[in-house]
Amino acid sequence: MPLWKIYHPAGSLTAEDKKDLSERITKVYASVPIPKFYVVVIFEEITKDACFVGGELHNKFIRFKVDQIARTLPGAVIREWWMRTLDEVIAPYVRDRGYDWEISIDETPFDLWSLQGEIPPPFESLAEKRWVKENKASPYSLAEKLPINLVLAPGIADR
Amino acid sequence: MPLWKIYHPAGSLTAEDKKDLSERITKVYASVPIPKFYVVVIFEEITKDACFVGGELHNKFIRFKVDQIARTLPGAVIREWWMRTLDEVIAPYVRDRGYDWEISIDETPFDLWSLQGEIPPPFESLAEKRWVKENKASPYSLAEKLPINLVLAPGIADR
Amino acid sequence: MPLWKIYHPAGSLTAEDKKDLSERITKVYASVPIPKFYVVVIFEEITKDACFVGGELHNKFIRFKVDQIARTLPGAVIREWWMRTLDEVIAPYVRDRGYDWEISIDETPFDLWSLQGEIPPPFESLAEKRWVKENKASPYSLAEKLPINLVLAPGIADR
């Protein structure tokens, strides 16, 4: 999570393309920042004659289907910016190569997700920061679920 | 968007079947109306021995998984009518051929979607109507985001 | 619905593994209880060099993507318990075999779903109980849509 499924015509992407594109995608999410290993990209070849757009066979079409965690893109401005950012990320592999393409993102529940048997820690928590650094899932304590910027003292908001 | 993924046993649908079924599906959406090229149908063969229903291997099962835009099916009556309409659309390829089948629709966010690098215009806007006519995505102006039936003048509702 | 898509490296699961894992999954849902035939598991092989985690090729990764009906897992405690239950169900096929893995659940609308051309009856209705017993979809009457424990008489809550 995020999970990217990329449905592409057989033969349209080389092993190198796939590696590069998945790196480009990972980079965007890592800049949020979230742990890099959260980003999973699975390429799936569409067999010939299996993809139809508007009722017409279309063998030059790439469909990006993305699952992201709900509530991570708050507000209309950020959501539009995010779509335009992703369009830039994928452009070299679609627009610049003469393919038609479409991308859509679904938002799935944060709390119905686990990896390596661990339920991921809250955003911007101490544990998440450790996961970013170690780039792998591992057990964490209750204390590590606290936010990195914990402010409980009264009055601080007045300054 | 809509995106139809059709998981079917290898060999259960001919090239002609796929073409015809995708046309039937497209026709329903085009009658909404939305641009025909919004409708993407991807057929995916399930390899032998890879599909289980209720814990039992099932090689005569077709699963339709659909993504539609959230909030496009308002109200219980329209939602039931829509499901029954789609059941009619697919019946010749499942019920009438002795397959078991299931269909479910997910609703994904309208604003996390783009195609050909363009964020689709609002429903029933001038731009959308142009997209319907041209049957392809293209840039549009702010003015074209207005609804085709724009009523700002006061009092018109009284007549 | 639930629909389990299991993306696994080619060759990582035998026919017997698939049968056993789908039975384990079905058992959990049947204990809810819901009809066993609601549980569909589709195994999909990821071709070599098509899966990337954190921008790195990863050929020992299994991704579980689940669709469940919205509102069937009410409350934080049940949702965490459910994830931990599923983690136990899949553990023998991932953790115990040295694979990395991830699981996420999406929640899709109850009312945009049908199987065998029938819109499934309400949870805990008479019809659903019959479907559980018969383990297949069939037409049902309006009366069968009523809950098995129908309490309309006033005052019963006071006793």
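Residues numbered from 1 in each chain as written. Chains lettered and ligands numbered in written order. Predicted model: local features only at pLDDT ≥ 70, side-chain atom pairs only at ≥ 80, totals over all residues. Heavy atoms only, no water.

Caption draft 1: Inspection of the sheet that holds strand β7 (residues 113–115) of chain A at higher detail. Across the sheet, 7 strands lie side by side as β7(A)-β6(C)-β5(C)-β1(C)-β2(C)-β3(B)-β4(B); this open sheet has mixed pairing. Strands with a single pairing partner mark the edges of an open sheet, and in this sheet they are β7 of chain A together with β4 (56–57) of chain B. The pairing of β7 of chain A with strand β6 (residues 100–108) of chain C spans 3 bridges and is classified as antiparallel. Within β6 of chain C, the residue paired with Trp113 of chain A across the bridge is Ser104 of chain C. Against the sheet, helix α1 (residues 15–30) of chain C contacts β3 (51–53) and β4 of chain B together with β1 (3–9), β2 (40–46) and β5 (61–69) of chain C, and its axis sits at roughly 150 degrees relative to β1 of chain C. Here helix α2 (residues 76–90) of chain C sits on the sheet and contacts β7 of chain A together with β1, β5 and β6 of chain C; the angle it forms with β6 of chain C, its principal contact strand, is near 135 degrees. (Pairing = 2+ DSSP bridges. Helix = DSSP H or I, 4+ residues; strand = E, 2+ residues; numbered from the N terminus. Contact = heavy atoms within 4.5 Å. Axes fitted to C-alpha atoms, helices over the stretch in contact; angles between N-to-C directions.)

Caption draft 2: Main features of the relation of the copies chain B and chain C. Between the two copies, chain B and chain C, the superposition gives an RMSD of 0.0 Å; the rotation angle is 120 degrees and the shift along the axis is 0.0 Å. Between the two chains, the operation in question is that of a three-fold axis. (Least-squares fit on C-alpha atoms with pLDDT ≥ 70 in both.)

Caption draft 3: Looking closely at the packing of α1 of chain C against α2 of chain C. All names here are of chain C. At a minimum axis separation of 9 Å, α1 and α2 run at an interaxial angle of 155 degrees. Considering the angle they form, α1 stands roughly antiparallel to α2. The handedness of the crossing between α1 and α2 is right-handed. Two secondary-structure elements touch here, α1 through Leu21, Arg24, Ile25, Val28 and Tyr29 and α2 through Trp82, Thr85, Leu86, Glu88, Val89 and Ile90. Each residue belonging to the contact of α1 with α2 can be placed in one class, and the counts come to 8 nonpolar, 1 polar and 2 charged. (Parallel < 35°, antiparallel > 145°, perpendicular 65-115°, else oblique. Left-handed = near helix turned anticlockwise from the far one by under 90°. Nonpolar A, V, L, I, M, F, W, Y, C, P; charged D, E, K, R; others polar.)

Caption draft 4: View of empty space enclosed by the protein. With the rule as written, the count across this model stands at 3 cavities of 30 Å³ or more. Reported here for the largest cavity is a volume of approximately 90 Å³. Every residue lining the largest cavity is listed: Lys5, Tyr7 and Lys65 of chain A, Lys5, Tyr7 and Lys65 of chain B together with Leu3, Lys5, Tyr7, Lys65 and Asp67 of chain C. (1 Å grid on protein atoms, 1.4 Å probe; cavity = no way out; pocket = protein on both sides within 12 Å on 5 of 7 lines; lining within 4 Å. Points joined across faces, edges and corners; volume = space filled by probe spheres on them.)

Caption draft 5: Focus on the interface of chain B and chain C. Tallying the contact residues gives 28 residues for chain B and 30 residues for chain C. In this assembly, chain B and chain C are joined by 3 salt bridges. Two residues, Asp67 of chain C and Lys65 of chain B, come together in a salt bridge whose shortest N-O distance is 2.6 Å. Remark: the boundary between chain B and chain C carries 16 residue pairs in polar contact (both at pLDDT 80 or more). When residues of the side of chain B that touches chain C are traced back to their parent elements, those giving at least two are β2 (40–46), β3, β5 (61–69), α2 (76–90) and β6 (100–108) of chain B. Looking at the side of chain B that touches chain C element by element, the count peaks at 8 residues for β6 of chain B. Class assignment of the residues belonging to the side of chain B that touches chain C gives a composition of 12 nonpolar, 3 polar and 13 charged. Sheet analysis places β3 of chain B next to β2 of chain C, joined by 3 bridges and oriented antiparallel. (Salt bridge = Lys/Arg side-chain N within 4 Å of Asp/Glu carboxyl O. Polar contact = N/O pair within 3.5 Å; in protein donor to acceptor, adjacent residues only side chain to side chain.)

Caption draft 6: Representation of a nonpolar patch on the surface within the structure. Taken together, the side chains of Leu126, Leu146, Ile148, Leu150 and Leu152 of chain A make up a nonpolar region of the molecular surface, amounting to roughly 460 Å² of accessible area. For Leu150 of chain A, the position within the fold is in the segment after α3 (126–134). (Patch = residues over 30% accessible without salt bridge, like charges linked within 9 Å, V, L, I, M, F, W, Y side chains within 5 Å. Areas by Shrake-Rupley, 256 points an atom, 1.4 Å probe, with all protein chains shown as cover.)

Caption draft 7: Examining the interface of chain A and chain C more closely. Taken together, the contact between chain A and chain C spans 30 residues of the former and 28 residues of the latter. Carbon and sulfur atoms supply 52% of the area buried between chain A and chain C, which totals about 2,600 Å² over both sides. The tally of links from chain A across to chain C stands at 3 salt bridges. Across the contact surface, chain A and chain C share 16 residue pairs in polar contact (both at pLDDT 80 or more). When contributions to the side of chain A that touches chain C are tallied by element, the ones reaching two or more residues are β1 (3–9), α1 (15–30), β2 (40–46), β6 (100–108) and β7 of chain A. Here the side of chain A that touches chain C is built from residues that sort into 14 nonpolar, 6 polar and 10 charged. (Buried area = accessible area lost by both parts, 1.4 Å probe.)

Caption draft 8: Seen up close, the sheet that holds β1 of chain A. Across the sheet, which stays open at both edges, the 7 strands sit in the order β7(B)-β6(A)-β5(A)-β1(A)-β2(A)-β3(C)-β4(C) with mixed pairing between neighbours. This sheet does not close on itself; its edge strands, each paired only once, are β7 (113–115) of chain B together with β4 (56–57) of chain C. Examined bridge by bridge, β1 of chain A and strand β5 (residues 61–69) of chain A share 5 bridges and lie antiparallel to one another. Paired with Trp4 of chain A across the two strands is Val66 of chain A, which belongs to β5 of chain A. In the packing of α1 of chain A onto the sheet, contacts are made with β1, β2 and β5 of chain A together with β3 (51–53) and β4 of chain C, and the angle to β1 of chain A comes to roughly 150 degrees.

Caption draft 9: Examining the packing of aromatic side chains more closely. Under the criterion given, the structure shown has 33 aromatic pairs over all chains. Arranged with centres 6.1 Å apart and planes meeting at 80 degrees, the rings of Trp4 of chain C and Phe64 of chain C form a pair that is edge-to-face. On the criterion of sequence distance, the pair formed by Trp4 of chain C in strand β1 and Phe64 of chain C in strand β5 is long-range, its members being 60 residues apart. Of the two residues, Trp4 of chain C and Phe64 of chain C, both sit in the buried class. Taking the centre distance of 5.9 Å and the plane angle of 75 degrees together, the rings of Trp131 of chain C and Tyr140 of chain C count as edge-to-face. Its relative accessible area of 0% is what places Trp131 of chain C among the buried residues. Through successive ring pairs, a cluster of aromatic residues spans Phe37, Tyr38, Phe110, Trp113, Phe123, Trp131 and Tyr140 of chain A. Note that Lys60 of chain B overlies the ring of Tyr99 of chain B, its terminal NZ or CZ placed 4.2 Å from the centroid. (Phe/Tyr/Trp six-rings, centres within 6.5 Å; stacked < 30°, edge-to-face > 60°. Buried < 20%, exposed > 50% of the residue type's maximum accessible area, 1.4 Å probe, protein only. Lys NZ or Arg CZ within 6 Å of the ring centre and 35° of its normal.)

Caption draft 10: Structural detail: the domain arrangement of chain A. All names here are of chain A. Here chain A is described as being made up of domain 1 (2–113) and domain 2 (115–159). The gap between the C-alpha centroids of domain 1 and domain 2 is 28 Å. Taken residue by residue, the interface counts 10 residues in domain 1 and 14 residues in domain 2. Carbon and sulfur atoms make up 72% of the surface buried where domain 1 meets domain 2, a total of about 1,100 Å² over both sides. Across the domain 1-domain 2 interface, the total number found is 0 salt bridges. Joining domain 1 to domain 2, the criterion identifies 1 residue pair in polar contact (both at pLDDT 80 or more). Broken down by class, the residue content of the side of domain 1 that touches domain 2 amounts to 8 nonpolar, 1 polar and 1 charged. (Domains from an automatic or database assignment.)

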